[in-house]
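Okay, here's what each chain looks like letter by letter:
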Amino acid sequence: MTTVNPQKFVYSKFPLEWIEARDFENLNFDKSTWIPLVLEKNDILHGDFGTPGYRKAYRDLDSIIVPLDLKPKFESVHWQSVSRHNSDAAWADDKGFYAPGSYGQDSQVLYPVIQRTFATGDPKQWDLLQELEVGLKLLRVGDRWISPEEGDVEVARLERDQNGGPDALFFRAEYLRDYLCAKNSALLITGFAFRDAVEESFPDVNWQITGEDSKTQERRFEHGLWEGRLAPMHEGGQPFGATWHVLHAWRESVDPTEDVPIMPDPPEDTGMKHKEFTRAAHGRKVFGLSCRIWIKRWISPAQKSPRIRHDEVESRIHFQVENQEQATLAGKALRDYRGWLWFKPSVVRRILAARTSELKWYTADTGELGPAPHETLHFGINSVGLLNVLGYKMAELPEWGQKYWVADNVCPEGGLSKELHMAQNLAQPAETVAPEAQLWRKLTMLQRLIEIEFGSPLLKQLPSERDFLHHVHRFYCASFADVCTLCKEIHRIITERIDVDALNQQIDPANAGKAKAQKLGQIKRLALWLDALGVDGRQVTAPLAGIYELRIADAHAASKTAREGLSLLAIPPDIEDYLTACFVVIARTVNCIVEIGRAVIKARKQKASP
């Protein structure tokens, strides 16, 4: 907003372009993404006032929310009437009570930002008007207000000066105009700015001469007024040729040696003394070139308010629905479409990047996915690894939710997911289990089993089910390096959390010395314990070993040896179907966990039998 090139315009010996401030004249909020609700910025402060090279620039904007039926009364209101000089607070008089944010005595007109100061000297604080923040369902996170129900999009942001105090609060125009529409109001922005420069001289300033060496200029534009002034001064900042009369008064009627001195009232004080003298400004002659700008702009409400008033707005997001002419549908047409849509599997990781995203599994190839718990879609995976969702269900999502999906939308290929067809059309859900969900269940069961049996769980801790399913899934499938990334996640969640101390002290103290002497890592230490339980520990833990090998292979994914770890997972090294590869990696890990549990149960039964 009102950007200039400091090196070219501000610090030149003759910064006339900066002083004339055409950037303010061209300031337009009609197409702005961000609207300043309040702003108090010292943009530039360079040098000392009254000395050549001095530059200072300051902007002050404030705004009020005005009902449309009151708008004519505010056509003549100027910046000084809107800009606040006191802290916001509740107050009352004989006429009524006025809530914080009220403009004067009119509670219908509100400030969108509440400014608070404290007599104790505590830092000043800026907050959004509650009806604006709560009405749009915003969540404050530090100096940002986000919309959790719209993918955490940033709706408002607070900026601070170098001392940490608030100096600007901007609001996203789309949301502000939605609110104004619902409230049947407009936003009035008024502002004041100045720019000052001092040099030994400013030749060639072609303005109107108003006095000796002084010049002024005025320019009115559509939304404001600019005034410029050139005036001489003494170095140090005193007006050139200025004199002033000084009256120095004092009293001699108070005796400080008395036990209880009394200060007389001035009319009765006979000990008053005074003297007078004249002083004159001095110092060499320099010149100040300055401008003052006043602006006033209205921000109109939107035509519709989908967020607060829940007006229906036609979606602008188009999805492909067939593979002949690449026809697309959006909005009402998509709601009327009874077919399915196709998406690349990369859509899952895109959606899971959302802070509030959710992924659930129903069967091996179906589940629920969305950027927020209440904005999910039933999906299925088809024969070529693409995801299917119903078109009309997609149309029921809000537009912000559809944006997560549309980037990975593709033409139909591979037909409809078999298991999704069974669930949605035949009402006979497949009796299969996703390895991701199975791995979570088997891990939690193994934790309880070993803790009951030995007093300590095998893993130090497990993440929540939500976090687990967000990080362990088959959709690391764009490349072999992605498969290695999945292996990193599994290794981090399982292998790295194996409690070697618990193995040595409680679960398998018999082998503790041997493990310590051989400096065994988690996988080999686990295998040694399984050997003691009567199973082939190396064979059982082979999937974990393969995952370990692949976890460090992504840095060398193009090398010939990078894929060797796949053999430990019974995956062909030349595999190119990475979705299947990830599926198998997770399934082999499930088998490993199941085998560990079986070994523990078998050993317990053998110990219990006579």
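Everything discussed here concerns the structure shown above.
So, here is what we can say about the structure in this document. (Residues numbered from 1 in each chain as written. Predicted model: local features only at pLDDT ≥ 70, side-chain atom pairs only at ≥ 80, totals over all residues. Heavy atoms only, no water.)

### Section: the pairing of strand 12 (residues 166–172)
So, point 1. Buried residues dominate strand 12, accounting for seven of its seven residues.
So, point 2. Pairing analysis gives five bridges linking strand 1 (residues 34–46) to strand 12, with the strands arranged antiparallel. When the sheet's bridge partners are listed, Leu39 is paired in strand 12 with Ala168.
So, point 3. Direction of pairing for strand 11 (residues 153–160) relative to strand 12: antiparallel, over a ladder of five bridges. Within the sheet, the bridge partner assigned to Leu158 lies in strand 12 and is Leu169. (Buried < 20%, exposed > 50% of the residue type's maximum accessible area, 1.4 Å probe, protein only. Helix = DSSP H or I, 4+ residues; strand = E, 2+ residues; numbered from the N terminus. Pairing = 2+ DSSP bridges.)

### Some details on the layout of surface pockets
So, point 1. The computed volume of the largest pocket comes to approximately 1300 Å³.
So, point 2. Along the wall of the largest pocket there are 43 residues; nearest its centre are Glu150, Pro306, Pro398, Glu399 and Trp400.
So, point 3. At the level of secondary structure, the elements contributing two or more residues to the lining of the largest pocket comprise helix 6 (173–183), helix 7 (331–335), helix 9 (391–396) and helix 10 (399–406).
So, point 4. The leading source of residues in the lining of the largest pocket is helix 10, at five residues.
So, point 5. The class makeup of the residues in the lining of the largest pocket is 15 nonpolar, ten polar and 18 charged.
So, point 6. Size it by volume and the second largest pocket reaches roughly 380 Å³.
So, point 7. Lining of the second largest pocket is provided by 15 residues; of these, Ile523, Lys524, Ala527, Arg538 and Thr541 occupy positions nearest its centre.
So, point 8. With six residues, the single largest contributor to the lining of the second largest pocket is helix 17 (residues 522–532).
So, point 9. By residue class, the composition of the lining of the second largest pocket is eight nonpolar, four polar and three charged. (1 Å grid on protein atoms, 1.4 Å probe; cavity = no way out; pocket = protein on both sides within 12 Å on 5 of 7 lines; lining within 4 Å. Points joined across faces, edges and corners; volume = space filled by probe spheres on them. Nonpolar A, V, L, I, M, F, W, Y, C, P; charged D, E, K, R; others polar.)

### What to know about the packing of aromatic side chains
The way to describe two aromatic rings as a pair is by their centre distance and the angle between their planes.
So, point 1. Taken as a whole and judged by the stated rule, the model has 17 aromatic pairs.
So, point 2. When the centroid spacing of 5.1 Å and the interplanar angle of 65° are considered together, the rings of Phe343 and Trp405 count as edge-to-face. Of this pair, Phe343 sits in strand 22 (residues 340–343) while Trp405 sits in helix 10; the two residues are 62 residues apart in sequence, bridging distant segments of the chain.
So, point 3. Using a relative accessible area of 0% as the deciding quantity, one classes Trp405 as buried.
So, point 4. Each ring, one from Trp361 and one from Phe379, has its centre 5.7 Å from the other, and the planes form 75°; the classification is edge-to-face. Of the two residues, Trp361 is situated in strand 23 (residues 358–361) and Phe379 in strand 25 (residues 377–381); the sequence distance between them amounts to 18 residues.
So, point 5. For Trp361, a relative accessible area of 11% translates into the label buried. (Phe/Tyr/Trp six-rings, centres within 6.5 Å; stacked < 30°, edge-to-face > 60°.)

### A closer look at empty space enclosed by the protein
So, point 1. If you walk through the whole model with that rule in mind, you get one cavity of 30 Å³ or more.
So, point 2. Approximately 30 Å³ is the volume found for the largest cavity.
So, point 3. Lining the largest cavity are Phe24, Leu27, Phe221, His223, Ile295 and Arg297.
So, point 4. When the residues that make up the lining of the largest cavity are grouped by side-chain class, the tally is four nonpolar, one polar and one charged.

### Observations regarding the sheet that holds strand 27 (residues 409–410)
So, point 1. Spatially, 23-24-25-26-22-27 is the arrangement adopted by the six strands of the open sheet, whose pairing is antiparallel. Each of the sheet's edge strands pairs with one partner strand only, and the pair in question is strand 23 and strand 27.
So, point 2. In this structure, strand 22 lies alongside strand 26 (residues 387–390), joined through four bridges in antiparallel fashion. Looking at the pairing, Leu341 lines up with Val389 of strand 26.

### Brief notes about the nonpolar core
So, point 1. Grouped together as the largest cluster of nonpolar side chains are 83 residues, with contacts concentrated most on Met394, Trp405 and Trp529.
So, point 2. With 14 residues, the single largest contributor to this core is helix 20 (residues 578–608).
So, point 3. With 56 residues, the next largest nonpolar core counts Leu132, Leu136, Ala197 and Leu230 among its residues. (Core = buried A, V, L, I, M, F, W, Y, C linked by side-chain atoms within 4.5 Å.)

### Description of the side chain of Glu150
So, point 1. Here Glu150 lies in the loop between strand 10 (144–147) and strand 11.
So, point 2. Residue classification places Glu150 among the buried residues on the basis of a relative accessible area of 15%.
So, point 3. Other than its neighbours up to four places away in sequence, Glu150 contacts Tyr175, Arg307 and Trp400. (Contact = heavy atoms within 4.5 Å.)

### With respect to the pairing of strand 2 (residues 55–67)
So, point 1. Extensive coverage of strand 2 is indicated by the burial of twelve of its 13 residues.
So, point 2. Where strand 1 lies against strand 2, seven bridges are found, and the strand directions are antiparallel. Note on strand 2: the bridge partner recorded for His46 is Arg55.
So, point 3. Pairing of strand 2 with strand 13 (residues 185–199), which is carried by 13 bridges, proceeds in the antiparallel orientation. Following the sheet pairing, Arg55 is matched in strand 13 by Ala197.

### With respect to the packing of helix 14 (residues 480–493) against helix 19 (residues 542–551)
So, point 1. Orientation of helix 14 relative to helix 19, taken along the N-to-C sense of each, is 125°, at an axis distance of 8 Å. When the interaxial angle is binned, helix 14 and helix 19 end up oblique. For the crossing formed where helix 14 meets helix 19, the hand is left-handed. Contacts between helix 14 and helix 19 pair Phe480, Cys484, Cys487, Lys488, Ile490 and His491 from the former with Ile547, Tyr548, Leu550 and Arg551 from the latter. (Axes fitted to C-alpha atoms, helices over the stretch in contact; angles between N-to-C directions. Parallel < 35°, antiparallel > 145°, perpendicular 65-115°, else oblique. Left-handed = near helix turned anticlockwise from the far one by under 90°.)

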